[in-house]
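Chain and residue survey
Here is what each chain is made of, one letter per residue.
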Amino acid sequence: MKDIRLDSPLNGRLVELSEVADPAFSGGAMGMGVAVKDPDGKVVSPADGEITVLFATKHAIGIHTDEGADILIHVGLDTVKLNGNHFEAKVAQGDRVKKGQLLLEFDADAIRAAGYDTTTPVLVTNPADFGTITIALGGQEITSSAQKDEEKPAAEADDELAGLSKEARVARLIEKYVGGMGNVRNAEHCATRLRLIINDKSKIDEKAIENIDGVKGQFFAAAQYQIILGTGFVDKVFAEFVKGTDFGGMSNKEEAYAQMSVVQKISRTLGDVFVPIIPVLVATGLFMGLRGAAQSLGMSFSDNVLRMSQILTDTAFAFLPALVCWSTTKRFGGTPVIGIVLGLMLVAPQLPNAYAIAGGEAQPIPMDIFGLTVPVVGYQGSVLPALVLGIFAAKLQKWLKSFVPDVIDLIVTPFMTLFISMLLGLLVVGPIMHTLELGIFGAVQTFLQLPMGIGGFVVGGLQQVIVVFGVHHVFNALEVQLLATTGTDPFNAIITGAIVAQGGAAVAVALKTKNPKKRALYISSAVPAFLGITEPAIFGINLRFMKPFLYALVGGAFAGGVASFMHLAGTGMGITVLPGTLLYLDHLAQYILVNVIGFGIAFGLTFTLFSPEE
């Protein structure tokens, strides 16, 4: 059988598919190949051939090479949701291309800033036609061998489907085994998967769907039931599946949001607001960690160097309300630049600085409003006032646009939005939300500082349960407030133990599993946990068997308790486990100890007490 060797179509860092935080790719269901981390924003053709697939969203492109390989290049994970933003196609479907020809350009920084992983799988989707598949980049290359999947029993074949095309047959069988179209709220698809919003999950026959000839896998993620069909084929199945329906009016994201509980909606909204600003806070935390590590080693800095480092570490938090208000206004459909200006108004230099007031160096400005004296202050480091003001401004702008004539909209709407929102923010929303914020923050700090690490024990033991229910984004606001107020994030130190514990339990399950194919799948699901992403390990392994998940909670509880007992705190947020090491350069030994405890307890309990049923 012929071997194939290709040059990577992107520059970056070549990694195994198992490191991709998406089971559709990491498990090999879509094909064999590699992934490119931190790509530079250009996709070139890896060989002479023809463009067979180019999605309107431009995030994925398929090539049929002259050697007979079908290649899929999928830029980033879940980037279909960007609707083509930050992508520019240089070719069209059906074009002939030469090796090295530019196919796509994309803004990797903008995609990351929008909260998406830019790791790009490069797959040969017909690996059974080749012996070994080698993809090279610079001096690095990764080789994989095409192995036939184990024979799977054919799904039930109805007589009335015998004369249908393959895509129509697959569509009808999917319809049957998801419980009928009455159980499907909405449907859409990306480059590789049919994505369904389901009314009643109990009606789905997952085993039967996996056994349909043409289906490469299925799983639930982000409130969607995702069925892996493969590039090109998914378009045809989708067209057959939605025939005679009115699907397509509302996006799956909106449908998924509509199905969430109130707590999940709040959590998802906070995630949408804070995820875009986390990269800035991560970078700031890294700067603080590096400076702290250098100073702990006895290095001294001149006043100018120290001042420059403070600009790097303090700016984001000094203007934090501007970042929060910008992201909130954007999330709720307002004009982002109005959010930025409103946030800057909350920290205007004419107002007494919040840090100076806390240090006794300044006093609030008293203003009499209808007989009440309102203390007017700056809101440096505050979150809630900017969050609520951003929501109000977005809603007010939409309301004004509903009746302000187009000819004066450009002048009247921004003016009235800024004027009303500023008065409300400084005189009403700001004081109320700041008082509430201080109360919540004080209660959280008191809980985390309970003696003997009790607070960390409770948080570490329950944090991954909260992840399962999809409401963990609610802690983003808490972590931002902790960093803005104290300069450190003890919550990050607690949850890193909970995260690595899930990875430890998943590794133990993999090592105790005798089936080599399952073992490889389990290991690929466990790896992302050591990079801070636990969903593949939780939903792919631990929660399915339950006991490993519970043992991991025990490991997370003890790790969190030790972190809290040692008063360990990171200099930033957003990264944990291996990448999180950069936030603890001045307390590296303690951080390693917390991770070892979480991993060791979860691994030990699972390996000793759990027996997987093959």
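Residues numbered from 1 in each chain as written. Predicted model: local features only at pLDDT ≥ 70, side-chain atom pairs only at ≥ 80, totals over all residues. Heavy atoms only, no water.

What follows covers the pattern of salt bridges. Between side chains of opposite charge, pairing is possible as soon as their charged atoms come close. Counting across every chain of the model gives 11 salt bridges. Among the ionic pairs, Lys 90 bridges to Glu 105, the shortest N-O distance being 3.6 Å. Pair noted here: Lys 90 is in the loop between β8 (87–89) and β9 (96–97) and Glu 105 is in strand β10 (residues 102–106), with a separation of 15 residues, a long-range link. Given the relative accessible area of 23%, Glu 105 is considered partly exposed. Within this structure, Glu 88, Lys 90 and Glu 105 form a network of salt bridges that share partners. (Salt bridge = Lys/Arg side-chain N within 4 Å of Asp/Glu carboxyl O. Helix = DSSP H or I, 4+ residues; strand = E, 2+ residues; numbered from the N terminus. Buried < 20%, exposed > 50% of the residue type's maximum accessible area, 1.4 Å probe, protein only.)

Now for the confidence of the model for the chain. Here the chain averages 85 in pLDDT, while 93% of its residues score no lower than 70. Element-level pLDDT for the chain is lowest in helix α6 (residues 252–259), with a mean of 59, against a maximum mean of 96 in helix α22 (residues 588–609). Considering only residues more than four positions removed or in separate chains, one finds that residues 148–152, a stretch of pLDDT under 50, has 8 contacts. (pLDDT = per-residue confidence, 0-100. Contact = heavy atoms within 4.5 Å.)

Time to look at helix α17 (residues 490–512). For α17, spanning 23 residues, the distance from its first C-alpha to its last is 35 Å, which sits close to the expected 33 Å at 1.5 Å a residue. Most of α17 sits inside the fold, with 19 of its 23 residues counted as buried. Sitting at the head of α17, Asp 489 places a side-chain oxygen 3.1 Å from the backbone nitrogen of Phe 491. (Expected span 1.5 Å × (residues − 1). Polar contact = N/O pair within 3.5 Å; in protein donor to acceptor, adjacent residues only side chain to side chain.)

Attention shifts here to the packing of aromatic side chains. Tallied over the entire structure, the rule returns 10 aromatic pairs. For the pair Phe 87 and Phe 106, a centre-to-centre distance of 6.1 Å together with 35° between the ring planes defines the contact as tilted. Taken together, the positions of Phe 87 in strand β8 and Phe 106 in strand β10 put the pair 19 residues apart, joining distant regions of the chain. Exposure class is identical for Phe 87 and Phe 106. Each is buried. Ring geometry for Phe 415 versus Phe 419: centroids 6.0 Å apart, planes at 0°, classification stacked. Within this pair, Phe 415 and its partner Phe 419 are both found in helix α14 (residues 406–448), separated by 4 residues, close to a single helical turn. Looking at Phe 415, the relative accessible area reads 54%, which means it is exposed. These aromatic residues form a ring-pair network of at least three members: Phe 530, Phe 599, Phe 603 and Phe 607. When the ring centre of Phe 332 is taken as origin, the NZ or CZ atom of Arg 331, which lies over that ring, is 5.1 Å away. Geometry around Phe 607 places Lys 512 over its ring, the cationic atom sitting 5.6 Å from the centre. (Phe/Tyr/Trp six-rings, centres within 6.5 Å; stacked < 30°, edge-to-face > 60°. Lys NZ or Arg CZ within 6 Å of the ring centre and 35° of its normal.)

Another point: the sheet that holds strand β1 (residues 4–7). The strand order β1-β12-β13 describes an open sheet built from 3 strands, whose pairing is mixed. With partners counted over all chains shown, the strands left at the sheet margins are β1 and β13 (140–145), one partner each. This sheet shows a mean twist of 15° between the axes of neighbouring strands, independent of strand direction. Sheet topology note: the strand β12 (residues 132–137)/β13 ladder contains 6 bridges and is antiparallel. Looking across to β13, one finds that Ala 136 is bridged to Glu 141. (Pairing = 2+ DSSP bridges. Axes fitted to C-alpha atoms, helices over the stretch in contact; angles between N-to-C directions.)

In this structure, Thr 576 sits in the loop between α20 (547–565) and α21 (577–580). Thr 576 sits in the buried class, given a relative accessible area of 7%. The contact partners of Thr 576, leaving out residues within four places of it in the chain, are Asn 492, Ile 495, Thr 496, Ile 499, Leu 531, Gly 532 and Tyr 591.

The tendency in soluble globular proteins is for nonpolar side chains to be buried as a group. Counting 50 residues, the largest nonpolar core has Phe 274, Val 324, Val 480, Phe 491 and Leu 568 as its most contacted members. Per-element tally for this core: the top contributor is helix α16 (residues 474–486), with 7 residues. Residues within four places of Phe 491 in sequence aside, it is in contact with Val 459, Phe 475, Leu 478, Glu 479 and Leu 482. The next biggest cluster of nonpolar side chains, apart from the first, holds 34 residues, and it includes Leu 54, Ile 71, Ile 111 and Ile 142. (Core = buried A, V, L, I, M, F, W, Y, C linked by side-chain atoms within 4.5 Å.)

Before going further, it helps to spend a moment on the sheet that holds β9. A sheet is described by the order of its strands in space; here 7 strands give the open sequence β2-β3-β11-β7-β6-β5-β9, paired in antiparallel fashion. Pairing within the sheet leaves two strands with one partner each, and these edge strands are β2 (13–16) and β9. Note: strand β3 (residues 32–37) against strand β11 (residues 120–124), 5 bridges, orientation antiparallel. Looking at β11, one finds that Val 34 is bridged to Val 122.

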